[in-house]
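One letter stands for each residue in the lines below.
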Amino acid sequence: MNHKIDLLPVDEQQNRKAREAARDSISWPVNLTPASVSYQSDGHVLILGNELHARLAARALDGRGPTSMTLVFTEAIAEDAPLPDDDLLSATAHLTHHALLRDQLRHLHIEGHLGQFSVTLMKDGTALDLAKALADRAHFDAILDLGRSPVLTLELPPPGYVAMRWSVEASSAEDRDDQLEAFAGLVGEFDKPRYFQINKDLCAHASSGNVGCTRCLEVCPADAITSHQGRIEAWVEIDPFRCHGVGSCSSACPTGAIQFRMPETHRQQETILAWLEAYRTAGGTAPVVRFGEAEDLDGEADTPGHLLDVPLEELGAAGHDQWLTALAGGAAQVRVQRHPAMPQRLADFIDDQLNQAWGLLEALGHSTSRIQRLDAGDTAARDALPAEVSLTDEALIFDSSNKRERLNVVLDRLSRLGIPDGQRHRLGGEAAYGSIQVDQDACTLCLACVSNCPTPALAAGEDRPLLSFREADCVQCGLCAQACPEDAIRLAPGFLASDARNERQICHEEAAFECIRCGKPFATTSTVASIKAKLADHPYFSGDAMARLEMCEDCRVKDVWQEMARNPDAQLKV
């Protein structure tokens, strides 16, 4: 499975020609007119920080863009720092300002985005709107936070919120002025792509009041994804105004409910496979697929011919399913190039995806070195020939657009090309692989688990009472376990390196309970017994009426009407 590359000659010139042929025949998919959201900023600015820095910033910004400036002093001036001089006080005397007490800062809340910031201060149990109180406006358009500890501690704050440290050092003046210049330019109308779309029918987040998968919520460094709770159901929403298009939510989503749109995930996947096929057809050998951000890749010098670059809008837009697709489609190796400015939550997500990919390769009998982490600037590792030949030269074709079904096609091919060990492998983190354990003594085959399962993993019998399970479809959301009224289901995380994961297994099966009147099978024996035990003390089913629980729905209604005809007072029973 892992033949060394030095068994074959590598023709650099031929590889370069093959790469150009692949690029010329199939271009990277680009949305020419992506859906967008618009920001309207009228330039009404809020500046936070100590009095000295806030006034210095206000003076520097005066006449450079902002329509109005409101100053809120959130902390004291450092003891070794000078106080504002008369010139500074005179230059900023016309600006509205307000000083917060130390305890008040803890109750300062900022919501919104460029053109629509709401800033509230909790006071005596009520929210004081600072935009209305200090600026006589419905909102602030932009916020400059100069505090030692910014009010918003997000790795990717919303557009229009800029946190920076004011420095009087000459070495920092140029950088400070650049930041102020950019902030001053946040006036006018701006458009930004609407990076994602959500298919709520595929989402495994919630069902019947139970919360399941939360992977997208956990990986977003901008906190742009929220769970909304209705009277019964909860659902996930992405705020397009706060979203930075990092892509990790789409890669983390196990069902494909969240789709990255620049480009769409399936187009990205199919383009990689088409490149590999065209590269092979043109005589290229030992292809290495490198995933990196387009901005980083564009600034590089010429690279060797065996390197096929995937120019992502954001590195998080491709996860382990895309990397494994490249290997299953004929890449000898995959390299994932990180960049130093990645938000920590995104860096952790990429590391988790790498660990999952390595775990899957090991389980399927392949070398984990086929997928490598690559640091920006490491040209030696970038240009190196792969240590092993490609696993296959056969084209990989998908016949479905469903993310999980595509992933299963990839895993099945890697399984055929490797030597799976037949064991269950814990992949750690929030890996969407695993089985379930059903307590047959407790299960009554009520099938609440089936109705709550967001994938085809759980199914009922067509002509007899049973519960079946196909592990390849399970995303370990946990909705089945939460929905089970008998607490009969437990999750069993881990990837099973065996063809058995593709086979539908019967978890529990019972004989049907037949109606005591008409003989129609309508439930299971355990279900009827459970319901009778739970309703034993209910007055509606007292005495002979308990027999109604052993009747089908039609006979039960008939029995009620017959009883009412015989004894009209029975209507008063509750």
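Presented here is an overview of the structure given in this document. (Residues numbered from 1 in each chain as written. Predicted model: local features only at pLDDT ≥ 70, side-chain atom pairs only at ≥ 80, totals over all residues. Heavy atoms only, no water.)

### Some words on the overall build of the protein chain
Each helix and strand in the protein chain was counted, giving 18 helices and 29 strands. Relative to the compact-globule value of 25 Å for 574 residues, the protein chain shows a C-alpha radius of gyration of 31 Å, a clear excess of over 25%. Along the longest, intermediate and shortest principal axes, the C-alpha atoms of the protein chain span 95 × 80 × 40 Å. Residues classed as buried in the protein chain amount to 49% of the 574 residues present. Considering only intrachain contacts with a sequence separation of at least 6, the fraction spanning at least 24 residues in the protein chain is 72%. Counting every atom, the protein chain has about 27,200 Å² of accessible surface; 50% of that belongs to carbon and sulfur. Averaged over its 53 positive side-chain charges, the protein chain has a centre that lies 4 Å from the centre of its 85 negative ones. (Helix = DSSP H or I, 4+ residues; strand = E, 2+ residues; numbered from the N terminus. Rg over C-alpha atoms; globule rule 2.2 N^0.38 Å. Buried < 20%, exposed > 50% of the residue type's maximum accessible area, 1.4 Å probe, protein only. Contact = heavy atoms within 4.5 Å. Areas by Shrake-Rupley, 256 points an atom, 1.4 Å probe, with all protein chains shown as cover. Lys, Arg positive; Asp, Glu negative; His and termini not counted. Charge placed at Lys NZ, Arg CZ, Asp CG, Glu CD.)

### What about the packing of helix H11 (residues 320–328) against helix H12 (residues 344–363)?
H12 packs onto H11 with a crossing angle of 40 degrees between their chain directions and a minimal axis gap of 9 Å. Considered as vectors, H11 and H12 are oriented oblique to each other. With respect to the hand of their crossing, H11 and H12 are arranged in right-handed fashion. For the pair formed by H11 and H12, the contact residues are His-320, Trp-323, Leu-324 and Leu-327 on the first element and Ile-350, Gln-353, Leu-354, Gln-356, Ala-357, Leu-360 and Leu-361 on the second. By residue class, the composition of the contact of H11 with H12 is eight nonpolar, three polar and no charged. (Axes fitted to C-alpha atoms, helices over the stretch in contact; angles between N-to-C directions. Parallel < 35°, antiparallel > 145°, perpendicular 65-115°, else oblique. Left-handed = near helix turned anticlockwise from the far one by under 90°. Nonpolar A, V, L, I, M, F, W, Y, C, P; charged D, E, K, R; others polar.)

### Examining unusual backbone geometry
Backbone geometry places Gln-476, a non-glycine residue, at a positive phi of 55 degrees. Mapped onto the elements of the fold, Gln-476 is located in the loop between strand E24 (466–470) and helix H16 (479–483). Of note, Asp-487 is a non-glycine position whose phi angle comes to about 55 degrees, a positive value. Relative to the helices and strands, Asp-487 is located in the loop between H16 and strand E25 (489–493).

### Notes on the sheet that holds strand E6 (residues 118–123)
Here we have three strands laid out as an open sheet, ordered E5-E6-E7, and antiparallel in their pairing. The outermost strands of the open sheet, each flanked by one partner alone, are strand E5 (108–111) and strand E7 (126–129). Geometrically, the sheet is characterised by an average inter-axis angle of 35 degrees between neighbouring strands, direction not taken into account. Bridge count between E5 and E6: four bridges; the pairing is antiparallel. Its bridge partner being in E6, Ile-110 is matched across the sheet by Val-119. (Pairing = 2+ DSSP bridges.)

### Quick look at the nonpolar core
Core analysis: the biggest nonpolar cluster contains 69 residues, and Phe-291, Trp-323, Leu-324, Val-334, Ile-350, Ile-371 and Phe-495 have the highest contact counts within it. When residues of this core are assigned to their parent elements, the largest contribution, nine residues, is made by H12. The contact partners of Val-334, leaving out residues within four places of it in the chain, are Val-289, Phe-291, Trp-323, Ala-326, Leu-327, Arg-370, Ile-371 and Gln-372. In this structure, Val-37, Ala-57, Leu-88 and Leu-114 belong to the second largest nonpolar core, which totals 26 residues. (Core = buried A, V, L, I, M, F, W, Y, C linked by side-chain atoms within 4.5 Å.)

### A closer look at H11
With respect to burial, H11 is a largely interior element, nine of its nine residues being buried. Where H11 is concerned, the buried positions are His-320, Asp-321, Gln-322, Trp-323, Leu-324, Thr-325, Ala-326, Leu-327 and Ala-328. Contacts from the buried residues of H11 go to helix H9 (265–281), strand E17 (288–293), strand E19 (333–338), H12, strand E20 (371–375) and helix H14 (403–417).

### Here's the deal with H14
Spacing of three or four residues puts side chains on the same side of an α-helix, whose turn is 3.6 residues. With 15 residues, H14 should reach 21 Å at 1.5 Å per residue; the first-to-last C-alpha distance of 21 Å fits that figure. When H14 is considered as a whole, its buried residues turn out to be Lys-403, Arg-404, Arg-406, Leu-407, Asn-408, Val-410, Leu-411, Arg-413, Leu-414 and Ser-415. Each element contacted by the buried residues of H14 is listed here: helix H8 (248–252), H9, H11, H12, E24 and strand E26 (495–496). You can read the cap of H14 off the contacts: a side-chain oxygen lies 3.0 Å from the backbone nitrogen of Arg-404, and it is on Asn-402. (Expected span 1.5 Å × (residues − 1). Polar contact = N/O pair within 3.5 Å; in protein donor to acceptor, adjacent residues only side chain to side chain.)

### Concerning the environment of Arg-267
Mapped onto the elements, Arg-267 comes out in helix H9. Taking the C-alpha atoms as reference points, Arg-267 and Val-246, 21 residues apart in sequence, are found 18 Å from one another.

### Description of the pairing of E5
Within a regular beta strand, the side chains point alternately toward one face of the sheet and then the other, so they alternate between its two faces. Alternating residues of E5 divide into Leu-108 and Ile-110, all buried, and His-109 and Glu-111, none buried. Between E5 and the antiparallel strand that follows it, E6, lie six residues; Gly-112 among them carries a positive phi value of about 110 degrees.

### Overview of the pairing of strand E29 (residues 521–524)
Bridge count for strand E28 (residues 512–514) against E29 is three bridges, and the pairing is antiparallel. When the sheet's bridge partners are listed, Ala-512 is paired in E29 with Thr-524.

### Here we look at the packing of aromatic side chains
Per the counting criterion, the structure on display carries six aromatic pairs. Geometrically, the ring pair formed by Phe-196 and Phe-260 is tilted, given 5.2 Å between the ring centres and 55 degrees between the ring planes. Taken together, the positions of Phe-196 in strand E11 (residues 196–198) and Phe-260 in strand E16 (residues 258–260) put the pair 64 residues apart, joining distant regions of the chain. Residue Phe-196 shares its accessibility class with Phe-260, and that shared class is buried. (Phe/Tyr/Trp six-rings, centres within 6.5 Å; stacked < 30°, edge-to-face > 60°.)

### Focus: the environment of Gly-247
Locating Gly-247 in the fold gives a position in the loop between strand E15 (234–238) and H8. Accessibility expressed as a relative area gives 2% for Gly-247, which makes it buried. With 67 residues separating them along the chain, Gly-247 and Glu-314 place their C-alpha atoms 6.3 Å apart. Beyond its immediate sequence surroundings of up to four residues, Gly-247 is in contact with Phe-196, Phe-260, Gly-316 and Ala-317.

### A look at the pattern of salt bridges
As enumerated under the stated definition, the model contains 30 salt bridges in all. For Glu-155, the salt bridge is made with Arg-345, and the minimal N-O distance between the two is 3.8 Å. Here Glu-155 is found in the loop between strand E8 (142–145) and strand E9 (161–163), whereas its partner Arg-345 is found in helix H12, with 190 residues between them in sequence. For Glu-155, a relative accessible area of 33% corresponds to the partly exposed category. A salt bridge links Asp-383 to Arg-382; its shortest N-O distance comes to 2.6 Å. Of the residues examined, Asp-383 reaches a relative accessible area of 27% and is grouped as partly exposed. Because the salt bridges share partners, they merge into one network encompassing Arg-290, Glu-300, Asp-309, Arg-382 and Asp-383. (Salt bridge = Lys/Arg side-chain N within 4 Å of Asp/Glu carboxyl O.)

### A word on the side chain of Glu-510
Tracing the backbone through its elements, the reader meets Glu-510 in the loop between strand E27 (504–509) and E28. At 12 Å, Arg-464 is the nearest oppositely charged side chain to Glu-510, a buried residue that forms no salt bridge. Not counting residues within four places of it along the chain, the set of residues in contact with Glu-510 comprises Cys-443, Leu-445, Pro-465, Thr-524, Thr-525 and Ser-526.

### Focus on the sheet that holds E9
Taken in spatial order, the five strands make up an open sheet running E4-E3-E2-E8-E9, and their pairing is parallel. Two strands in the sheet have a free side with no partner beyond their single neighbour: strand E4 (96–99) and E9. Averaged over all pairs of adjacent strands, the angle between their axes in this sheet comes to 15 degrees, without regard to strand direction. Across four bridges, strand E2 (residues 44–49) lies against E8 in parallel orientation. Along E8, the bridge assignment pairs Ile-47 with Leu-144. Relative to strand E3 (residues 68–73), helix H2 (residues 51–61) is tilted by about 170 degrees, and along the sheet it contacts E2, E3, E4 and E8.

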